[in-house]
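Working through the structure, step by step
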Amino acid sequence: MKKVPQGFPKDFLWGGAVAACQIEGAYDADGRGLSTSDIHEYDKNLDRANIKKEGGGTLKGILQRMNDTEGYYPKRFGIDFYHTYKEDLKLMQEMGFKAFRTSISWSRIFPNGDEELPNEKGLQFYDNLIDEIIKDGMEPIITMSHYDIPLNLVLKYGGFANKKMIDFFVNYATVLMNRFKGKVKYWIVCNQVNLIPTVQFGSLGIYDDQAENMEELMYQAVHNQFVAGAKVVKLARDIDPTMHMGTMVADGTFYPATCKPEDVVLTMKKNRMQYFFTDVQFRGEYPVYALRYFEENNIHVEVSAEDEQLLRENPMDFLAISYYNSKIVDSTKNTIKAFDGSQNPYLKPTPWEWRADPLGFYNSLSQYYDRYEKPLMIAENGLGALDTVEEDGSIHDDYRIDFLRQHIEQLKECVKDGVEVLAYLSWGPIDLVSSSSAEMSKRYGYIYVDQDDFGNGTKKRSRKDSFYWYQKVIETNGEEL
């Protein structure tokens, strides 16, 4: 008979997560091409509480921003991790990190995306980075595609809406797996594959005026990502059978606003359309409820018999999840459309209207594990906040400690229930450019970076109070929170 776990496993992977497009900078160094992240302009008049989409825009707007010399594009510069990664990783090592998740910039490996041969200087950078992660005692967890699609693939082919993208991506992934086999055990194929339409540009390479039926185009693009992912899983089995291949979702689990049956049923249907992405990648086929949704909403996705076989025979090994907040569904206000929810009046807002919900973390993880019984990885969890540097240089971020403590407490509850969790990778262990708003002011890190929203500052790194708190959490394997 199984025993009830009393705490985290001895080999639990405590660490943090970042993305190349938010930290590396050096956007024009060593042969790198422009990517989808490079045209996300910072808007000083941004309405933080109402961000509908990340970057992108119309085709005309994209072309204009490619050649813009007046605006500031923070993701081109990041926090200069490309040149400071050794020093930054030493700070992670000081906290005791067991794992470090980052991504590879696709356009650093294939500047245009459709070349036959990769850029050796780009590969060498990641060789050096991964070696450094391992040298510092951390397990490298690598995301292949994290909002960093070569811009040429968007302009020339229309992004993942075009089936040709499958071969381009598989070629890219094959190069990565062959180059880093024996070094990288855990791979996340696509970051937050379900986050549409919020990140349709960064994730799928689709611009706003690409088609009349944009929802159909997005689901076709997602299908092409599914197929590409299945092909990558199949190749991984031959290249290095010890590799673990995962997919990743941004949690979109909703609560009903009330116990009114209409609220409950609409919530169930919305949650099921979030599970659609993982149902396909773990159960290996399109669920009928999704096919019905497509039929009733004039969505036609081209799925070949070969595609179906690939999906059926090559499921993912683990599920990576990002979790930040939760929302509710009110049947009088909301629709079944993705991420169309209302704010929960029982939860407190941040300036970005991300309402923290630790119990929602427990609820979401439990639902996913019960559904698939696949290992989970917490690929992102953190609090974006406005930090204040005191006169003596200290940063007292008790609010961040409180957020993380409450979420780790609920994660431990999941473990006690028998949920298999591989890792806890808090988002942004070092301050970085926000994915949604392109700000530096929205800070997540245990490590402060002296840099403002326009890239000004000394770039000096300093430890916040949360640095020492997380250090103790890791040292005690989650016993002292």
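Coordinates for the structure precede this section.
Residues numbered from 1 in each chain as written. Predicted model: local features only at pLDDT ≥ 70, side-chain atom pairs only at ≥ 80, totals over all residues. Heavy atoms only, no water.

**A few points about the pattern of salt bridges**
Stated formally: Take a side-chain nitrogen of Lys or Arg and a carboxyl oxygen of Asp or Glu: if they are within 4 Å of each other, that pair is a salt bridge. The numbering of helices and of strands both runs from the N terminus, where a helix is a DSSP run of H or I of at least 4 residues and a strand a run of E of at least 2. Burial here depends on accessible area, computed with a 1.4 Å probe over protein chains only, as a share of the maximum for the residue type. Under 20% is buried, over 50% is exposed, and the range in between is partly exposed.
According to the stated counting rule, one finds 30 salt bridges in the structure shown. The closest approach of N and O atoms between Arg463 and Glu94, which form a salt bridge, is 2.8 Å. On the criterion of sequence distance, the pair formed by Arg463 in strand β12 (residues 461-463) and Glu94 in helix α3 (residues 81-95) is long-range, its members being 369 residues apart. Close ionic contact of Lys412 with Glu479 constitutes a salt bridge, the shortest N to O distance being 3.7 Å. Separated by 67 residues along the polypeptide, Lys412 in helix α14 (residues 398-416) and Glu479 in the segment after α15 (465-475) bring together distant segments of the chain. Looking at Glu479, the relative accessible area reads 49%, which means it is partly exposed. Put simply, Asp387, Asp397, Arg400, Asp431, Arg443 and Lys464 are held in one network by salt bridges that share partners.

**A word on helix α5 (residues 120-135)**
Cut-off, in case you're wondering: One less than the number of residues in a helix, times 1.5 Å, gives the span that helix is expected to have.
Spanning 16 residues, α5 covers 22 Å between terminal C-alpha atoms, matching the ideal 22 Å at 1.5 Å per step. All of the buried residues in α5 are Gly122, Leu123, Phe125, Tyr126, Asp127, Leu129, Ile130, Glu132 and Ile133. One or two steps after α5, the chain reaches Gly137, where phi turns positive at roughly 85°.

**Details of unusual backbone geometry**
For the peptide bond that leads from Ile196 to Pro197, omega is 0°, which places it in the cis range. Structurally, the position occupied by Pro197 is in the loop between β4 (186-190) and α8 (200-204). The phi torsion at Tyr147 lies on the positive side, around 55°, for a residue other than glycine. Position of Tyr147 relative to the elements: it lies in the loop between β3 (139-145) and α6 (151-157). Overall, the relative accessible area of 6% leaves Tyr147 in the buried class. With a phi close to 60°, Ala438 is a non-glycine residue in the positive phi region. Take Ala438: it is sitting in the loop between β10 (421-427) and β11 (447-449). The exposure class assigned to Ala438 is buried, which follows from its relative accessible area of 0%.

**Comments concerning the environment of Ser203**
To keep it simple, the criterion reads: We call two residues in contact whenever any of their non-hydrogen atoms come within 4.5 Å of each other.
The topology assignment puts Ser203 in helix α8. Here Ser203 falls in the buried class, since its relative accessible area comes to 4%. C-alpha of Ser203 to C-alpha of Asp136: the two residues are 67 residues apart in sequence and 31 Å apart in space. Aside from chain neighbours lying at most four places away, what touches Ser203 is Tyr147, Ile149, Phe160, Asn191, Gln192 and Gln225.

Fair warning: the whole summary comes from geometry, so function is off the table for now.
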